[in-house]
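Examination of the molecular architecture
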Amino acid sequence: RAHGASNRIYRTSPDAQPGDEQLLSDPTHIEEGYSSLRDGRVIMRREFPPKVFLLTPGDDGSPGYEEISYPFEGALLHRITVSPSETKVAYMKIEPENLDPVHLRIYDPSVIAYADFDAENLRIDNEVEITQYDESTRDWYPAWSADEKLIIWTHGVSCPVLGAEPCEASGVVMGYSLETGITTQISSR
């Protein structure tokens, strides 16, 4: 990514054949698609500087972008997942001072958080951080339970950047109850 490559967002159906996918994003940018809404819009992120958008696939193939505002501008929101009711999002958050633009270390260290999501007014607000910033651990890939009472993610040790000594990463699945505010390990290693 750091050397001119790009990420692109595509859409396809479960029964599609290779080549049937449809390009949704602007190929001149580094973009990652995360979670889609029932109306077909996709929550996505564009890098440099990090910004979050709702991407609307155009009938003619051209994308429409609506920028989503949030009170922690400059932070990188990664792996954004929309709750089943589409009123909340969970994500990995990396503060600007912790971003490494050379290696694009976007998995560690990060904080898992959730917040209210307003798709109509394009806003993420009222953030709650579930985990704490810790350079020795890695928290990644948050997801919602179907009843929206639990956010799950993987927690493990942090590995060095590419090219360094390999590490034996191990992880566990953690669960955070929105009703009680309690975090519990819900898997074995």
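Our structure's up above, just so we're on the same page.
First, a word on scope: everything that follows refers to the structure included in this document. (Residues numbered from 1 in each chain as written. Predicted model: local features only at pLDDT ≥ 70, side-chain atom pairs only at ≥ 80, totals over all residues. Heavy atoms only, no water.)

1. Observations regarding the side chain of Glu-32
For clarity, the cut-off: Runs of E in the DSSP output that reach at least two residues are strands. Runs of H or I that reach at least four are helices, and both are numbered from the N terminus. Any pair of nitrogen or oxygen atoms within 3.5 Å is treated as a polar contact; in protein, a donor-acceptor pairing is required on top of that, and neighbouring residues in sequence qualify only through side-chain atoms on both sides.
Note that Glu-32 resides in strand 3 (residues 31–36). A polar contact of 3.2 Å, which involves the side chain of Glu-32, links it to the side chain of Asn-7.

2. Describing the packing of aromatic side chains
Using the following cut-off: Think of it this way: a Phe, Tyr or Trp ring, Trp meaning its six-membered ring, pairs with another when their centres are within 6.5 Å, and the plane angle makes it stacked under 30 degrees, edge-to-face over 60, tilted otherwise. Exposed residues in this analysis have more than 50% of their type's maximum accessible area, buried residues have under 20%, and partly exposed residues fall in between, with area computed by a 1.4 Å probe over protein chains only. Note on criteria: charge over ring means Lys NZ or Arg CZ within 6 Å of the ring centre, with the direction from the centre no more than 35 degrees off the ring normal.
One pass over the structure, following the stated rule, counts five aromatic pairs. Aromatic side chains Phe-72 and Tyr-91 sit 6.3 Å apart centroid to centroid with 35° between the ring planes, which places their arrangement in the tilted category. Highlighted residues: Phe-72 in the loop between strand 6 (64–68) and strand 7 (76–82) and Tyr-91 in strand 8 (residues 88–94), separated in sequence by 19 residues. Residue classification places Phe-72 among the buried positions, given a relative accessible area of 12%. Of the aromatic side chains, those joined through ring pairs into one cluster are Tyr-70, Phe-72 and Tyr-91. Across from the ring centre of Phe-72, 4.6 Å away, lies the NZ or CZ of Lys-93, which sits over that ring. Seen from the ring of Trp-140, Arg-138 lies directly overhead, with NZ or CZ sitting 5.5 Å from the centre.

3. Re the sheet that holds strand 4 (residues 42–46)
Put simply, the test is: Pairing between strands is defined by DSSP: at least two bridges between the two strands are required. Under this scheme, a helix contributes an axis fitted over its contacting stretch, all axes are lines through C-alpha atoms, and angles between N-to-C directions fall in the 0 to 180 degree range.
The four strands lie next to each other as 3-4-5-6, forming an open sheet whose pairing is antiparallel. Taken across any chain shown, the strands that pair with only one partner, and hence form the sheet edges, are strand 3 and strand 6. With strand direction ignored, the average angle separating the axes of adjacent strands in the sheet is 35°. Sheet topology places strand 5 (residues 51–56) next to strand 6; five bridges connect them, and they run antiparallel. Along strand 6, the bridge assignment pairs Leu-55 with Tyr-65.

4. Observations concerning the side chain of Ser-83
Heads up, the condition is: Residues count as neighbours in contact if any of their non-hydrogen atoms are within 4.5 Å of one another.
With respect to the helices and strands, the residue Ser-83 is situated in the loop between strand 7 and strand 8. The class of Ser-83 is buried, set by a relative accessible area of 2%. Looking at Ser-83, its side chain comes within polar contact range of the main-chain nitrogen of Thr-87, at 3.3 Å. A distance of 3.4 Å separates polar atoms of two side chains, one belonging to Ser-83 and the other to Glu-148. Excluding residues that lie within four positions of it along the chain, Ser-83 makes contacts with Lys-88, Trp-144 and Glu-148.

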